[in-house]
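# What the coordinates show
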Amino acid sequence: MTNDTIIATAPRLVIRRWQRADYQTMDRWPPFTEPLSSIWNLPDRVTVGGDWMNDIRRTYAIALRDHTLVGRITLRNIDSASGSARLGITIGPQYVSQGYGTEGLAAFLQAFFTTLGFQTMVLDVASVNERAVRCYRRLGFQYNGHHWRDAGWRFMQTLDQATRERIAPFIKEGRHGVWVQFYDMTLERSDWQAAQHRSVIHVNQ
């Protein structure tokens with residue numbers, strides 16, 4: 001790994017440019033077994049139906065210090081004029097619940113708002129993906145609305161009764177299908193900088 005491929009570092013992690021071999025590594029990850037994982041990345045029909053051929057994307061790897069690939073960060077819908085981009089992040093099933101997502105994204109935000117020169121990061125996340133929502137809120141993302149996505153007719157049939165009751169506030173069922181609520185969230189550079197400043201003050205007190 002050369003220095004020009006490294007975007008950011010964290011105590012346990014390195015964020016680097018995505019490499020072709022990473023696709024093969026990611027393909028070898030085991031499938032998610034959580035019953036709600038099938039709806040975490042439902043396609044947004046507005047995005048899919050947009051100008052996807054001109055959608056500029058950048059992809060980065062989240063790796064351990066021993067070079068083990070544990071996740072991927074993607075920036076899409078990059079708007080150079082406004083300095084904004086939409087975040088996508090995936091952590092391998094065998095690496096979830098170990099803090100890699102929060103640690104990796106925190107390190108990446110440092111580069112995103114400084115060396116990469118962006119002003120705004122936006123994202124959307126399934127409201128039922130509680131782990132991801134907690135991560136984003138912890139890092140300073142603000143809720144600014146929500147929308148609904150089609151989960152397919154059979155989605156609710158795959159869930160037990162307890163899970164159905166737990167996610168009921170985030171689900172709409174009707175004659176035309178099952179819809180899942182997604183939060184729209186934003187983090188502005190100014191808000192991120194303010195949070196960094198507060199963190200430094202807290203440490204120095």
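Quick caveat: nothing in here was measured; it's all calculated off a predicted structure.

### What about helix H4 (residues 130-138)?
Restricting attention to buried positions, one finds in H4 the residues Ala132, Val133, Cys135 and Tyr136. Buried residues of H4 fall within an arc of 160° about the axis and therefore sit on the same side. Lining the buried residues of H4 we find strand S5 (84-91), helix H3 (100-113), strand S6 (120-126) and strand S9 (177-188). Following H4 by one or two positions, glycine 140 adopts a phi angle in the positive range, close to 105°.

### Quick word on the packing of aromatic side chains
Scanning all chains against the criterion turns up 11 aromatic pairs. Between phenylalanine 32 and tryptophan 40, the ring centres sit 5.6 Å apart and the planes meet at 80°, which makes this aromatic pair edge-to-face. Under the relative-accessibility criterion, phenylalanine 32 is labelled partly exposed at 32%. Among the aromatic residues, ring-to-ring pairing joins Tyr60, Phe108, Phe112, Phe113, Phe118 and Trp192 into one connected group.

### Focus: the confidence of the model for the chain
Of the residues in the chain, 89% have a pLDDT of 70 or more, and the chain-wide mean is 89. The low-confidence segment residues 46-50 (pLDDT under 50) makes two contacts with residues lying over four places distant or belonging to another chain.

### Here we look at the nonpolar core
Membership of the largest hydrophobic core comes to 60 residues, with the highest contact counts inside it found for Leu75, Phe108, Leu109, Tyr136, Phe141 and Phe155. Examining the composition of this core, we find that eight residues originate from one element, H3, more than from any other. Look past the residues within four positions of phenylalanine 141 in its chain and what remains in contact with it is Leu105, Leu109, Met121, Leu123, Tyr136, Met185, Thr186 and Leu187.

### Observations regarding unusual backbone geometry
In this model, histidine 67 sits at a positive phi of 80°, which is unusual for a non-glycine residue. Phi at serine 97 is positive, roughly 60°, even though this residue is not glycine. Along the chain, serine 97 turns up in the loop between S5 and H3. For serine 97, a relative accessible area of 61% puts it in the exposed group.

### What to know about the environment of aspartate 124
Tracing the chain through its elements places aspartate 124 in strand S6. Judged by relative accessible area, aspartate 124 falls into the buried class, the value being 16%. Once the C-alpha coordinates of aspartate 124 and glutamine 181 are considered, the two residues, 57 residues apart in sequence, prove to be 10.0 Å apart. For aspartate 124, the contacting residues outside a window of four places in its chain are Arg76, Arg86, His147, Arg149, Phe182, Tyr183 and Asp184. A polar contact is formed between the side chain of aspartate 124 and the side chain of arginine 86, at a distance of 2.9 Å. Only 2.9 Å separates the side chain of aspartate 124 from the side chain of arginine 149, close enough to count as a polar contact.

### A short note on the environment of alanine 61
Structurally, the position occupied by alanine 61 is in strand S3 (residues 58-64). C-alpha of alanine 61 to C-alpha of glycine 104: the two residues are 43 residues apart in sequence and 9.5 Å apart in space. Once residues lying within four places of it in the same chain are set aside, the contact partners of alanine 61 are Val14, Ile15, Arg16, Arg17, Trp18, Asp22, Leu69 and Gly71.

### Here's the deal with the pattern of salt bridges
Enumeration over the complete set of coordinates arrives at six salt bridges. We note a salt bridge from arginine 131 to glutamate 34, for which the minimum N-O separation is 3.1 Å. Of this pair, arginine 131 sits in helix H4 while glutamate 34 is found in the loop between helix H1 (20-27) and helix H2 (45-48), placing the two residues 97 residues apart along the sequence. Glutamate 130 is paired through a salt bridge with arginine 166; the nearest N and O atoms lie 3.5 Å apart. Within this pair, whereas glutamate 130 is found in helix H4, its partner arginine 166 is found in helix H5 (residues 161-167), the two being separated by 36 residues in sequence. According to the relative accessible area criterion, glutamate 130 is partly exposed, its value standing at 37%.

Definitions and limits used
- Residues numbered from 1 in each chain as written.
- Predicted model: local features only at pLDDT ≥ 70, side-chain atom pairs only at ≥ 80, totals over all residues.
- Heavy atoms only, no water.
- Buried < 20%, exposed > 50% of the residue type's maximum accessible area, 1.4 Å probe, protein only.
- Helix = DSSP H or I, 4+ residues; strand = E, 2+ residues; numbered from the N terminus.
- Arc of directions from axis to C-beta.
- Contact = heavy atoms within 4.5 Å.
- Phe/Tyr/Trp six-rings, centres within 6.5 Å; stacked < 30°, edge-to-face > 60°.
- pLDDT = per-residue confidence, 0-100.
- Core = buried A, V, L, I, M, F, W, Y, C linked by side-chain atoms within 4.5 Å.
- Polar contact = N/O pair within 3.5 Å; in protein donor to acceptor, adjacent residues only side chain to side chain.
- Salt bridge = Lys/Arg side-chain N within 4 Å of Asp/Glu carboxyl O.

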